[in-house]
Amino acid sequence: MRAGHRAAGAAVLNQPDRIRVELGERGYDVIVGPGAADAVTHMTGKAAERVAVLADEAVAELHGDDVQDRLRDGGADVRLVPLPTGEGAKSLAAVEEACRHVIGRGFERGDIVVGLGGGAATDAAGFVAAVLLRGVRWVALPTSLLGQVDAAVGGKTGVDLPEGKNLVGAFHQPMAVGCDPAFLATLPLREFRAGLAEVVKTAWIGDPELIGRLESDPPGDPDHPAVAEIVRRCVAVKARIVSEDEREGGARAQLNFGHTLGHAIETEAAGRYRHGEAVALGMVAAVQLSVETGRCEEALLHRLIRLLEALGLPTHDSELDPDAVVARTHLDKKRHGGEDRYQLTLGLGSISVARDLPEGAPRAAVEFLRRPLSRA
Ligand code: GLY
């Protein structure tokens, strides 16, 4: 990480962008671009006596020493606390272990937690920060595309239960987020592509011109020259939505586009899909539902499918069990007072909540996902 930044040289000429999440006294900058990790670690190392770096253990192997050195440069006493890799970080057991580790090192309320890793690691680290000593400051250093464009921005923290994802959590805003392209260079290709699903989601919601850019020049890997710009544009959309609606009372629910069925598919498929891959399927189902219920033109469904396929994402799965997937959405329904809530689309840049879907429509949308040939 560091060598790359020094070679880019030019700390003064090549400053990363700062995108503000406007939340009054809880507001913060998302720092995006080359040098973002250095900027965040520099600031963090000076801001606390102790810093606990809660890191996905695979990511810690790659970036843990560098991040810790940078934090120490600021004068902090720094400890690395490994989290299980990937979704394994998002359990109450992992959170308990991390809390005990941090407390055992004499952590106090003025100290800072750093979440280092993909979306799962930053979700779990943020949750540790939310509950430890009744809440301490934290910063996020997302190392996956999905983390940079979505999970680490906006203060949703939490862990999963066997019953479903993100069922235990808290809104707890970080004091800064650093989205550094240097982290993406080491990202496995499958993870990168999974992150592109959240890019498509975000662009669909709030930056339709970016959909056109992705169509004309689909980024095939993290070295693609457009990646830094894509991250910046997605963060700008997300920051705008979170600034408007921190706690998902309204506008923020748009960010769940593709997630009602996507989450259910992810849980039901029991490890076959990365989160972003399941969201890709969930978006196809959501747009199919939008077409079926007369909300949007069928051409847009085919456009979405073509784009997702160009990005290497799944758009159909003949193994899905529609009844099982729909049954999984009922936890979501319970959370909303017994009401089905699907984020459907009226077109690019337009998402609206549907509460009145015809009986059987979600099942038909999952059935659609099972049949690749019906979409020519
Ligand atoms: N990932 C959706 C949200 O942050 O609201």
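Located above this text is the structure these notes cover.
Notes on the structure follow. Every chain begins its residue count from 1, and numbering advances along the sequence as written. Where local features are concerned, this predicted model is filtered to residues with pLDDT of at least 70; where side-chain atom pairs are given and counted, the filter is 80 or more; whole-chain, interface and lining totals use all residues. Side-chain descriptors were evaluated using all non-hydrogen atoms of the structure, hydrogens and water having been removed beforehand.

Scanning the chain from N- to C-terminus turns up 16 helices and eleven strands. Each residue is placed in one exposure class: buried if its accessible area under a 1.4 Å probe, protein chains only, is under 20% of its type's maximum, exposed if it is over 50%, and partly exposed if it falls in between. Relative to its 376 residues, the chain shows a buried fraction of 56%. By the convention used here, residues are in contact when the closest approach between their heavy atoms is within 4.5 Å. Counting only contacts in the chain whose residues sit at least 6 apart along the sequence, the fraction spanning at least 24 positions is 75%. Here the chain has roughly 15300 Å² of accessible surface; of this, 49% comes from carbon and sulfur atoms. Elements are defined by DSSP. Helices are runs of H or I of four residues or more, strands are runs of E of two residues or more, and each kind is numbered from the N terminus. Method for areas: the Shrake-Rupley scheme with a 1.4 Å probe, in which residue coverage is limited to the protein chains shown.

Buried residues of nine kinds, namely Ala, Val, Leu, Ile, Met, Phe, Trp, Tyr and Cys, make up a nonpolar core once their side-chain atoms join them within 4.5 Å. V30, L54, L145, V200 and V231 are the most contacted members of the largest nonpolar core, which has 98 residues in total. Here V30 is in contact with D17, R18, I19, V21, V153, V177, C179 and V235, once residues within four sequence places are set aside. With 21 residues, the next largest nonpolar core counts A48, A55, V59 and L71 among its residues.

The subject of this paragraph is the pairing of strand 9 (residues 176-179). Where burial is concerned, the two faces of strand 9 agree: the one with A176 and G178 and the one with V177 and C179 are both buried. Any two strands are treated as partners once DSSP identifies two or more bridges connecting them. Relative to strand 9, strand 2 (residues 28-32) runs parallel, the two sharing four bridges. Bridging across to strand 9, I31 finds its partner in G178. Pairing of strand 6 (residues 137-142) with strand 9, which is carried by two bridges, proceeds in the parallel orientation. What sits directly across from V139, in strand 9, is A176.

Turning next to unusual backbone geometry. At N166, a position not held by glycine, the phi torsion is positive, near 55°. Structurally, N166 can be placed in strand 8 (residues 164-171). Residue classification places N166 among the partly exposed positions, given a relative accessible area of 37%. Phi angles above zero are rare outside glycine, and E248 is one such case at about 60°. Within the fold, E248 resides in the loop between helix 10 (227-244) and helix 11 (259-268).

A cutoff of 4 Å decides nearness: a residue is near a molecule or strand if any of its heavy atoms lies inside that distance of it. For the ligand, the full set of nearby residues is D150, K156, K238, R252 and L255. Polar contacts, as used here, are pairs of N or O atoms within 3.5 Å; protein pairs need one atom able to donate a hydrogen and one able to accept it. Residues neighboring in sequence count only if both atoms are side-chain atoms. Between D150 and the ligand, the recorded distance is 3.0 Å, taken from a side-chain N or O atom to a nitrogen atom. A distance of 2.9 Å is found between an oxygen atom of the ligand and a side-chain nitrogen or oxygen belonging to K156. Three classes are used: nonpolar for Ala, Val, Leu, Ile, Met, Phe, Trp, Tyr, Cys and Pro, charged for Asp, Glu, Lys and Arg, and polar for all others, with Gly counted as polar. Residues of the shell around the ligand, tallied by class, amount to one nonpolar, no polar and four charged.

Positionally, Q288 belongs in helix 12 (residues 275-292). Residue Q288 is classed as buried on the basis of its relative accessible area of 9%. What Q288 contacts, discounting residues up to four positions off in sequence, is L301, A365 and F368.

Among the seven residues of strand 3 (residues 50-56), seven are classified as buried, and the element is accordingly described as predominantly covered. Sheet analysis places strand 3 next to strand 4 (residues 77-83), joined by seven bridges and oriented parallel. What sits directly across from R50, in strand 4, is D77. In terms of strand pairing, strand 3 meets strand 5 (residues 112-117) through five bridges, oriented parallel. Each bridged residue has a counterpart across the sheet, and for V53 the counterpart in strand 5 is V114.

Here the focus is the pattern of salt bridges. For salt bridges, the criterion is a side-chain nitrogen of Lys or Arg within 4 Å of an Asp or Glu carboxyl oxygen. Scanning all chains against the criterion turns up 32 salt bridges. D38 is paired through a salt bridge with R70; the nearest N and O atoms lie 3.3 Å apart. On the criterion of sequence distance, the pair formed by D38 in helix 2 (residues 36-47) and R70 in helix 3 (residues 57-73) is long-range, its members being 32 residues apart. Its relative accessible area of 12% is what places D38 among the buried residues. Given a relative accessible area of 14%, R70 falls into the buried group. A salt bridge links R79 to D77, with the nearest nitrogen and oxygen atoms 3.5 Å apart. Of the residues examined, R79 reaches a relative accessible area of 34% and is grouped as partly exposed. Judged by relative accessible area, D77 falls into the partly exposed class, the value being 35%. Look at the salt bridges and you will find they share partners, linking D17, D207, E209, E229, R232 and R233 into a network.

The quantities given are spatial measurements derived from coordinates; they are silent on function.
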